[in-house]
Each structure stands twice: as C-alpha cells, then as structure tokens.
Amino acid sequence: MNSSTQTSPPLVVEGVCKQFRRSQSVITALNEVDLTAEAGEFIVIMGASGSGKSTLLHAIAGLTDVDEGKVLVNGQDLSQLSDVQLTRFRGKEIGLVFQAFNLISSLTAEDNIRLPAPSSNDLSKRVDQVLGRLNLQDRRLHKPGALSGGEQQRVAIARALICDPAILLADEPTGSLDFDAGQQICQLLHELSREQGRTIVAVTHEPNVAMWADRVVVMRDGKNIAEFTPDGSRDPQEVAMQYQGLLRRPMETV
Ligand SMILES: Nc1ncnc2c1ncn2[C@@H]1O[C@H](COP(=O)(O)OP(=O)(O)OP(=O)(O)O)[C@@H](O)[C@H]1O
C-alpha cells in the first residue's frame, strides 16, 4: 500500500481517458476526467446514455484499464498493481453494488454477505453488525428468491460493506426497484455516507436518486462537464432542472 494512504482522499481520478475500438471506429468513452471524493461524500454521476458513466465507475473499480491518467483509491494508484494485487485490493477497499443485485441464489442472505470476506475470528460479529445496520436480521436465513427487491439490494449492499471498503460504488442501484424501495435504498446510502464516513459514488439517470447526493457530477460525451449540489429539499424536479440546465449549456461555457 502507498505510504500516502493516511492523508489521501479516498478517491482521486486524474486526467482519465478511455477509448474503445470497434471495427473501423474509435469511441472515446472517457475524455480527461478529473474527480476527487472526500471521506463521507455521497456523489452521484448523471448523464445521458453513452456519456461514459459506467465506464468511469468501472475505471474507478479497476475493472477497466484506462489509456491515460490514473485512479487512486486511498492513495493507491490502481495501474501500479498486478492483476492479483488488484483483485485483492478491490476486495478490501472497493465495495460494488449493481442494478441486478448479483446475489447467489442458492445461498442464504447471511452466506451471500459473508462470501467476499476472508475468514477471521471476528467475521461472525461483523456479519451480525452489518445485518443489524441494514435491518436484515430476520431475513438472514432467507435465500434471494424469498426476498423482495429492496431486501435483495440491502443484502447486496451488506455484502459490499462486509470488508469495510474505503469506497462504495453503485451502478444504477435503484434501477430494478419500485419507487418506494428505491427511495429507501437512497436514504440508506445517504445515511451510510454520513454515519460511517463512507465515500459513495453512484451512477443514475434518475433525479429521484440524485436528490440524495452531496454532489451531482454531470457527464457529457465522456467528460464531466459540470457539477452541482442539491439544495437538500429532496425535490426531484429541482434536481432535474439543474441537471438539464447544465447539460444544455454550450461546451465552451461549462
Ligand atoms: N466494452 C465496450 N466496447 C465498445 N464500446 C464500449 C464498451 N463499453 C462502453 N462502450 C461505449 O463507450 C461509450 C460510453 O459507454 P458507457 O456504458 O460508459 O455509457 P453510460 O453513460 O454508462 O451509458 P448508459 O446510461 O446507457 O449505461 C458508449 O458509446 C458505449 O457504446
């Protein structure tokens, strides 16, 4: 681990570029993206389809190599790690949550949560803590098929938190949920960032999700062109107006 671990922000993205080659064409998915996230910040990334949101999240998770620039998590430059080191580092420092939950259907909620954690003397205590915090104690022995969508996503978040990662990344975390369940997940992410000083970065299309963020980063054509701070009124229309206003501004003024 890098010696600057103690003082570095949990997440620094510096000048990251990523292109994909498709037969004759080259697609610029990320174009010199810079982003710093502090401990306890809940950041939401919004942008039109194809603007590079998922590619950025994957680059932060070390799931996608970048062509230029670097991603530092807790001071560690991901590009300096071998594949084995990166897998180990990701398991410890980066929690991942997906739209489709990605739980193992044959395992109970408790065993899904336990899965990524190396066995240790205090693992059972940690599992109990996480189950308790996510209000899942009475669901611990249920398999995913016997859980609601919101409960499944809470299990997925518990699994992402079990190793106490520096950052939690969520790709459309409410995309498979109805409105109420989605709002509960947003509130939970908001509370986790506050209570635990956890840095959370979520990708979404929905103003209903973005309104819970400390900071909304707006992406267009692979570039984070602007950002704004929701005013705390939890008004999705207000967030949608701010977002659309920034998105419509000509490139030279943003
Ligand atoms: N593996 C890949 N191979 C080729 N092109 C890709 C690949 N992944 C992403 N792209 C392209 O890169 C651009 C950015 O894609 P990305 O998935 O990051 O956008 P997004 O903002 O997350 O979109 P959406 O909201 O639809 O999920 C798009 O033009 C996409 O087609």
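Since the model is a prediction, treat every value here as computed from it, not as a measurement. (Residues numbered from 1 in each chain as written. Predicted model: local features only at pLDDT ≥ 70, side-chain atom pairs only at ≥ 80, totals over all residues. Heavy atoms only, no water.)

Next up on the list: the sheet that holds strand S3 (residues 42-47). Judged by pairing direction, the sheet is mixed, and its 6 strands sit side by side in the order S6-S7-S8-S3-S9-S10 without closing on themselves. Two strands bound the open sheet, and with one partner strand each, they are strand S6 (94-98) and strand S10 (223-228). Between one strand and the next, the sheet's axes are offset by a mean angle of 20°, whatever the strand orientation. Against the sheet, helix H5 (residues 149-161) makes contact with S6 and strand S7 (167-171), and its axis sits at roughly 165° relative to S6, the strand it touches most. Contacts from helix H6 (residues 179-196) reach S3, S7 and strand S8 (199-203) within the one sheet, and its direction differs from that of S3 by about 135°. (Pairing = 2+ DSSP bridges. Helix = DSSP H or I, 4+ residues; strand = E, 2+ residues; numbered from the N terminus. Axes fitted to C-alpha atoms, helices over the stretch in contact; angles between N-to-C directions. Contact = heavy atoms within 4.5 Å.)

The next thing to look at is the site of the ligand. Contacts to the ligand come from 13 residues, most closely from Ser49, Gly50, Lys53, Ser54 and Thr55. At 2.9 Å from an oxygen atom of the ligand is found a main-chain nitrogen or oxygen belonging to serine 54. Within the side chain of threonine 55, an N or O atom sits 2.5 Å from an oxygen atom of the ligand. Protein contact buries 65% of the 630 Å² of open area that the ligand shows by itself. Partitioned by chemical class, the residues of the shell around the ligand number 4 nonpolar, 7 polar and 2 charged. (Near = heavy atom within 4 Å. Polar contact = N/O pair within 3.5 Å; in protein donor to acceptor, adjacent residues only side chain to side chain. Areas by Shrake-Rupley, 256 points an atom, 1.4 Å probe, with all protein chains shown as cover. Nonpolar A, V, L, I, M, F, W, Y, C, P; charged D, E, K, R; others polar.)

Bringing the pattern of salt bridges into the picture now. Per the counting criterion, the structure on display carries 12 salt bridges. The salt bridge partner of glutamate 110 is arginine 114, with a shortest N-O separation of 3.3 Å. Pair noted here: glutamate 110 and arginine 114 are both in helix H3 (residues 109-114), with a separation of 4 residues, about one helical turn. Take glutamate 110: its relative accessible area is 13%, and that puts it in the buried class. (Salt bridge = Lys/Arg side-chain N within 4 Å of Asp/Glu carboxyl O. Buried < 20%, exposed > 50% of the residue type's maximum accessible area, 1.4 Å probe, protein only.)

Moving on: the UniProt feature "domain: ABC transporter" (unreviewed entry) in the protein. Residues annotated in UniProt with the feature "domain: ABC transporter" (unreviewed entry) correspond here to residues 11-246. Secondary structure across residues 11-246 divides into 35% helix and 28% strand, with the first and last C-alpha atoms of the span separated by 24 Å. (UniProt positions renumbered as here; feature names shortened; annotations may be inferred.)

A separate point is the environment of arginine 249. Structurally, the position occupied by arginine 249 is in the segment after helix H8 (236-248). A relative accessible area of 34% means that arginine 249 is categorised as partly exposed.

Of the pockets and cavities examined, the largest pocket occupies roughly 330 Å³. Taken together, 14 residues form the lining of the largest pocket, with Ile94, Leu96, Pro116, Arg159 and Ala160 sitting closest to its centre. When residues of the lining of the largest pocket are traced back to their parent elements, those giving at least two are helix H2 (83-93), S6 and H5. In terms of residue count, S6 provides more of the lining of the largest pocket than any other element does, 4 residues in total. Estimates place the volume of the second largest pocket at around 230 Å³. Thr64, Asp65, Leu78, Ser79 and Leu86 are the residues nearest the centre of the second largest pocket, which is lined by 15 residues in total. When residues of the lining of the second largest pocket are traced back to their parent elements, those giving at least two are strand S4 (68-73) and H2. (1 Å grid on protein atoms, 1.4 Å probe; cavity = no way out; pocket = protein on both sides within 12 Å on 5 of 7 lines; lining within 4 Å. Points joined across faces, edges and corners; volume = space filled by probe spheres on them.)

Sheet architecture is open: 4 strands sit in the order S2-S1-S4-S5, paired in antiparallel fashion. In this open sheet, the two edge strands, each paired with only one partner strand, are strand S2 (25-37) and strand S5 (76-77). When S4 meets S5, the two strands line up antiparallel, connected through 2 bridges. In the sheet register, leucine 72 faces S5, and the bridge partner there is aspartate 77.

This next bit is on H6. Every α-helix carries 3.6 residues per turn, so stepping three or four residues along brings you back to the same face. For H6, built from 18 residues, the straight-helix expectation of 26 Å at 1.5 Å per residue is met to within 8% by its first-to-last C-alpha distance of 25 Å. Where H6 is concerned, the buried positions are Ala181, Gly182, Gln183, Ile185, Cys186, Leu188, Leu189, His190, Leu192 and Ser193. Glycine 197, located one to two residues past H6, shows a positive phi value of around 60°. (Expected span 1.5 Å × (residues − 1).)

Turning our attention to the side chain of glutamine 183. Tracing the chain through its elements places glutamine 183 in helix H6. A distance of 2.9 Å separates the side chain of glutamine 183 from the side chain of tryptophan 212, its partner in a polar contact. Residue contacts for glutamine 183: discarding those within four places in its chain leaves Asn208, Met211 and Trp212.

Here we take up the pairing of S4. With 5 bridges connecting them, strand S1 (residues 11-22) and S4 associate as antiparallel partners. Residue pairing across strands places glutamate 14 opposite lysine 70, the latter belonging to S4.

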